Amino acid sequence: MEKLDLAELGLRAVNRRLQGREGAEETAFEVTGLKGEHAVAAGLMSPISVTLKGHVGYYCAGMNKQAEIVIEGNAGVGLAENMMSGTVRVKGDASQSAGATAHGGLLVIDGNASARCGISMKGVDIVVKGSVGHNSAFMAQAGRLVICGDADDGLGDSIYEARIYLKGEARGLGADCVEKEMRAEHLEELAGLLAAAGSDADPKDFRRYGSARQLYNFKVDNVDAY
Amino acid sequence: MSHDHPTLRESSLFDRATIHEIQRAASEGIYKIRGFGAKRALPHFDDLIFLGASVSRYPLEGYRERCGTDVLLGTRHASKPLKLDIPVTIAGMSFGSLSANAKEALGRGASEVGSSTTTGDGGMTDEERGHSKTLVYQYLPSRYGMNPDDLRRADAIEVVIGQGAKPGGGGMLLGQKISDRVAEMRTLPKNIDQRSACRHPDWTGPDDLEIKIRELREITDWEKPIYVKVGATRTYYDTMLAVKAGADVIVVDGMQGGTGATQECFIEHVGIPTLAAVRLATEALQELGLHRKGVQLIVSGGIRSGADVAKAIALGADAVSIGTAALIALGDNRPDLAEEYAKLGTAPGFYEDWQAGNDPAGITTQNPELARRLDPVKAGHRLANYLRVLTLEAQTLARACGKSHLHNLEPEDLQALTLEAAAMAKVPLAGTDWIPGLR
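Reading the values: rules and limits
- Residues numbered from 1 in each chain as written.
- Chains lettered and ligands numbered in written order.
- Predicted model: local features only at pLDDT ≥ 70, side-chain atom pairs only at ≥ 80, totals over all residues.
- Heavy atoms only, no water.
- Helix = DSSP H or I, 4+ residues; strand = E, 2+ residues; numbered from the N terminus.
- Rg over C-alpha atoms; globule rule 2.2 N^0.38 Å.
- Buried < 20%, exposed > 50% of the residue type's maximum accessible area, 1.4 Å probe, protein only.
- Contact = heavy atoms within 4.5 Å.
- Expected span 1.5 Å × (residues − 1).
- 1 Å grid on protein atoms, 1.4 Å probe; cavity = no way out; pocket = protein on both sides within 12 Å on 5 of 7 lines; lining within 4 Å.
- Points joined across faces, edges and corners; volume = space filled by probe spheres on them.
- Nonpolar A, V, L, I, M, F, W, Y, C, P; charged D, E, K, R; others polar.
- Pairing = 2+ DSSP bridges.
- Axes fitted to C-alpha atoms, helices over the stretch in contact; angles between N-to-C directions.
- Phe/Tyr/Trp six-rings, centres within 6.5 Å; stacked < 30°, edge-to-face > 60°.
- Polar contact = N/O pair within 3.5 Å; in protein donor to acceptor, adjacent residues only side chain to side chain.
- Salt bridge = Lys/Arg side-chain N within 4 Å of Asp/Glu carboxyl O.
- Parallel < 35°, antiparallel > 145°, perpendicular 65-115°, else oblique.
- Left-handed = near helix turned anticlockwise from the far one by under 90°.
- Patch = residues over 30% accessible without salt bridge, like charges linked within 9 Å, V, L, I, M, F, W, Y side chains within 5 Å.
- Areas by Shrake-Rupley, 256 points an atom, 1.4 Å probe, with all protein chains shown as cover.
- pLDDT = per-residue confidence, 0-100.
- Buried area = accessible area lost by both parts, 1.4 Å probe.

> Whenever I open this one, the overall build of chain A confuses me. Can you help?
A tally of helices and strands in chain A yields 3 helices and 11 strands. Start at the N end of chain A and walk to the C end: the helices and strands fall as β-α-α-β-β-β-β-β-β-β-β-β-α-β. Since a compact globule built from 226 residues should have a radius of gyration of about 17 Å, the 18 Å found for chain A is in line with a globular shape. Taken over the C-alpha atoms alone, chain A extends approximately 60 × 35 × 25 Å along its principal axes. In chain A, which comprises 226 residues, the proportion classed as buried is 58%. Long-range contacts, defined here as pairs at least 24 residues apart, represent 24% of the contacts in chain A between residues at least 6 apart.

Quick look at the structure:
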């Protein structure tokens, strides 16, 4: 375990070390002195494990590939944005646009997530143990968003092929987002996601939401929705 | 009765195109979507003329004396700025909107003359990367196909906030152009009408943009120049804010900029002309003390000739980008396709249905049979020829003004033929010292 003090080394040096640009052979890191710094552990590209001891600012773990990152604090805007693979877990809350456009990997938020969680997600799995803010899964293309708490208005607005599992209540669904049948394969899929996230929630308590696919092509009958 | 009967008077308000559009709208109940760019008459570079050298100025020999054309882009923060041989670059156009052969041809043509190409709303293809010596990777609101590996193999990154054909709007790719490959690259089902997001998913204003740019630099080790592209509207303030956010290069796309597919009302009615935008962006950079010494300006939207290139540079651009003109150089709208255009209800010189996917030239299509018609080697060479001509023309005009480098052109070399152009470009009306609004 290599310890890095960001306050002492600076962001550039810490990220270069974590990105393996200094030829590091170490595979486990602990970073302190975070103080809400932005873009911490952004652009990692190897299967290392990183523990961030404190709160982080915007775009923490952005575009992560393969790394396993744990944030022992809260995270700012765009946590794990465009993540490709690996795992990111925040033990506190996450600000808006968590997991935005992410293509793969697993994002676990032990607390709550703010607005637009999973916006334009493209294959990532996101498990939020608390609640999510408005317009979560907006234009979500692929992947699974699991919400163990409630969802604010506009859930799944303009959603494509992503799937949403919600345990609590949605204040309102967005355009073209509808509740769908929870079949056996969905229960199995959800059970796997909850287990991976370390949640003991019961899949049978969840409902599934997805696209009604009514806005996929321009139709004059949908003019009110455009 | 013939439509060109000499006794018939056409309404200038309800002309034939307007009447046809009302009839189409009444029949179909959906706005018109098309490609190309604005077709209405707008103040443009044609409304400016150069003051060639005479007694008070000393010209350079037109064929022999050196007139430099190179340009450095991204000198502010990037450790690897771009050095282009000519100041004419290829604007962002997506694979999806264009065929793979067209993208390859753009790369071949630009590389042949030492210029750059730009990806589009759909990610980076291997063909494009392989055939473009210098490739700018667009970072768009949709983030289709966005990944850190392509970010690192790009030569520069262009954060796209808007484009001239539709400032405030997102991309559009209709279902008929979504092939298996396009769908996979964009992580979307086949055959749906793709309406890309109009705003970025994880930042909302210039303060956030500054942090976003810093993240992109961290991911790419501070090597790549970061461009910020805006559609021309509040160009002075947009330029100021983009510079404040950390941009190395500002790209301003005027309302004459083309598009693969957008609502016609958007194309014709949103944004300001390129002529006005280049001056506003230049003023912002001058006020910041960064014009021609820190932040570069690329201007696009209706660049067609070397005269346009020279005038844009004289007004303050460091380089220009072309899109529509590049496609025409590849073979779009060419006369030998007249019969096939006729089957589509159009004609060479009028073809605008780039959204439809049935382009007989094989450029704006994903139909494999049509796409095969475009030979990327030959088309690339046509583009290279065209880029050479643009450069030679611009050099000709610069030498006539006594300039040993295109960047030595300045507003003082220009006058305007119309009041509108004089006011927008802030150069005097020809034969006077009058700049409307200034003196």
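> Is there a simple way to explain helix H2 (residues 100-112) of chain B in this structure?
All names here are of chain B. Along its 13 residues, H2 runs 18 Å from first to last C-alpha, staying within 8% of the 18 Å computed at 1.5 Å per residue. Turning to H2, its buried residues number three or more, namely Ala 100, Ala 102, Lys 103, Glu 104, Ala 105, Leu 106, Gly 107, Gly 109 and Ala 110. Those residues of H2 hidden inside the fold are in contact with strand S5 (88-90), strand S6 (117-118), helix H3 (126-131), helix H5 (180-186), helix H11 (324-330) and helix H14 (376-400). Positioned one or two residues after H2, Gly 114 has a phi angle of 80 degrees, which is positive.

> How do you make sense of empty space enclosed by the protein when you look at a structure like this?
Rolled over the atoms, a probe with the dimensions of a water molecule shows which regions are left empty. All names here are of chain B. All chains considered together, the criterion is met by 3 cavities of 30 Å³ or more. Estimated volume of the largest cavity: approximately 80 Å³. For the largest cavity, the lining is made up of 14 residues, of which Ala 91, Thr 118, Glu 158, Val 251 and Ser 321 are closest to its centre. For the lining of the largest cavity, the secondary structure elements donating two or more residues are S5, strand S11 (226-231) and strand S14 (296-300). Classifying every residue of the lining of the largest cavity by side-chain character gives 6 nonpolar, 6 polar and 2 charged.

> Where do I start with the sheet that holds strand S5 (residues 87-90) of chain A in this structure?
Strand pairs in the sheet, formed through backbone hydrogen bonds, run parallel or antiparallel to each other. Residue and element names in this part refer to chain A. The 11 strands lie next to each other as S1-S2-S3-S4-S5-S6-S7-S8-S9-S11-S10, forming an open sheet whose pairing is mixed. Looking at the sheet topology across the chains shown, the edges are occupied by strand S1 (2-5) and strand S10 (177-180). This sheet shows a mean twist of 15 degrees between the axes of neighbouring strands, independent of strand direction. Where strand S7 (residues 122-128) and strand S8 (residues 142-147) come together, 5 bridges link them in parallel fashion. In the strand pairing of S8, Ile 126 is matched with Leu 145. Relative to strand S9 (residues 163-166), helix H3 (residues 184-197) is tilted by about 70 degrees, and along the sheet it contacts S5, strand S6 (106-109), S7, S8, S9 and strand S11 (207-211).

> Would you mind showing me how to read the packing of aromatic side chains here?
In this description, a pair of aromatic rings is defined by centroid distance and the angle of the planes. Residue and element names in this part refer to chain B. In total, this model carries 5 aromatic pairs over all chains according to the counting rule given. Centre to centre, the rings of Phe 36 and Trp 354 are 5.2 Å apart; their planes meet at 55 degrees, and the pair counts as tilted. Here Phe 36, found in strand S1 (residues 33-36), pairs with Trp 354, found in the loop between helix H12 (338-343) and helix H13 (368-371); they are 318 residues apart in sequence, far enough to count as distant. Trp 354 shares its class with Phe 36; the two are buried. A ring pair is formed by Tyr 236 and Tyr 237, whose centres lie 5.1 Å apart and whose planes are at 90 degrees; its orientation type is edge-to-face.

> Just to check I follow, could you spell out the side chain of Thr125(B) for this structure?
Residues and elements named next belong to chain B. Residue placement: Thr 125 occurs in the loop between S6 and H3. Assessed through its relative accessible area of 3%, Thr 125 is described here as buried. From its side chain, Thr 125 meets the backbone nitrogen of Glu 128 in a polar contact 3.0 Å long. Discounting residues that sit within four places of it in the chain, Thr 125 has contacts with Phe 95, Arg 153, Arg 181 and Met 185.

> Would you take a moment to explain the pattern of salt bridges for this structure?
Here the idea is simple: oppositely charged side chains can pair when their charged atoms come close. Residues and elements named next belong to chain A. Tallied over the full model, the rule gives 59 salt bridges over all chains. For Arg 144, the salt bridge goes to Asp 125, with nearest N and O atoms at 2.5 Å. Here Asp 125 lies in strand S7 and Arg 144 lies in strand S8, a separation of 19 residues in the sequence. Judged by relative accessible area, which is 13%, Asp 125 ranks as buried.

> Can you walk me through the packing of helix H7 (residues 235-244) of chain B against helix H9 (residues 274-287) of chain B in this structure?
Between two packed helices, the angle of one axis relative to the other and the distance separating the axes together describe the packing. Residues and elements named next belong to chain B. Between H7 and H9, whose axes approach to 8 Å, the crossing angle comes to 40 degrees. With respect to H9, the axis of H7 lies oblique. Here H7 runs over H9; the crossing is right-handed. Listed contacts from H9 to Thr 235, Tyr 236, Thr 239, Met 240 and Val 243 of H7 are Ala 277, Leu 280, Ala 281, Glu 283, Ala 284, Leu 285 and Glu 287. Split by residue class, the contact of H7 with H9 holds 8 nonpolar, 2 polar and 2 charged.

> Just to check I follow, could you spell out a nonpolar patch on the surface for this structure?
Among the surface-exposed residues, Leu13(B), Phe14(B), Ile19(B) and Ile22(B) lie close enough to one another that they form a single nonpolar patch of about 400 Å² accessible area. In this fold, Leu13(B) is placed in the segment before helix H1 (16-28).

> Any chance you could explain the confidence of the model for chain B here in plain terms?
Regions with low pLDDT should not have their predicted coordinates read in detail. In the predicted model, chain B carries a mean pLDDT of 95, and the fraction of residues at 70 or more is 99%. Taken together, the chains of this predicted complex give a pTM of 0.96 and an interface ipTM of 0.96.

> I'm lost on the interface of chain A and chain B in this one. Help?
Often, the extent of an interface is quoted as the loss of accessible area upon association of its parts. Each side of the interface is counted separately: chain A has 39 residues, and chain B has 42 residues. Each partner contributes to the roughly 3,400 Å² buried at the junction of chain A and chain B, and carbon and sulfur atoms together form 56% of this total. Joining chain A to chain B, the criterion identifies 8 salt bridges. Among the salt bridges present, the one from Glu37(A) reaches Arg214(B), with a minimum N-O distance of 3.5 Å. Linking chain A to chain B there are 19 residue pairs in polar contact (both at pLDDT 80 or more). Ranked by residues supplied to the side of chain A that touches chain B, first place goes to helix H2 (residues 11-18) of chain A with 4 residues. Residue classes in the side of chain A that touches chain B are distributed as 19 nonpolar, 12 polar and 8 charged.

> Help me out: how do you make sense of H14(B) in this one?
Residue and element names in this part refer to chain B. For H14, spanning 25 residues, the distance from its first C-alpha to its last is 36 Å, which sits close to the expected 36 Å at 1.5 Å a residue. Where H14 begins, one side-chain oxygen reaches toward the backbone nitrogen of Val 377, 2.8 Å away; that side chain belongs to Asp 375. Directly after H14, the chain includes Gly 402, whose backbone phi takes a positive value near 80 degrees.

> How do you make sense of the packing of helix H10 (residues 306-314) of chain B against H14(B) when you look at a structure like this?
Residue and element names in this part refer to chain B. Viewed as axis vectors pointing N to C, H10 and H14 meet at an angle of 55 degrees, and their least axial separation amounts to 7 Å. With respect to each other, H10 and H14 are oriented oblique. Where H10 crosses over H14, the two elements pack in a sense that is right-handed. Contact with H10, carried on its side by Gly 306, Ala 307, Val 309 and Ala 310, involves Leu 390, Glu 393, Ala 394 and Leu 397 of H14 and no other residues of that element. Its residues assigned to classes, the contact of H10 with H14 comprises 6 nonpolar, 1 polar and 1 charged.

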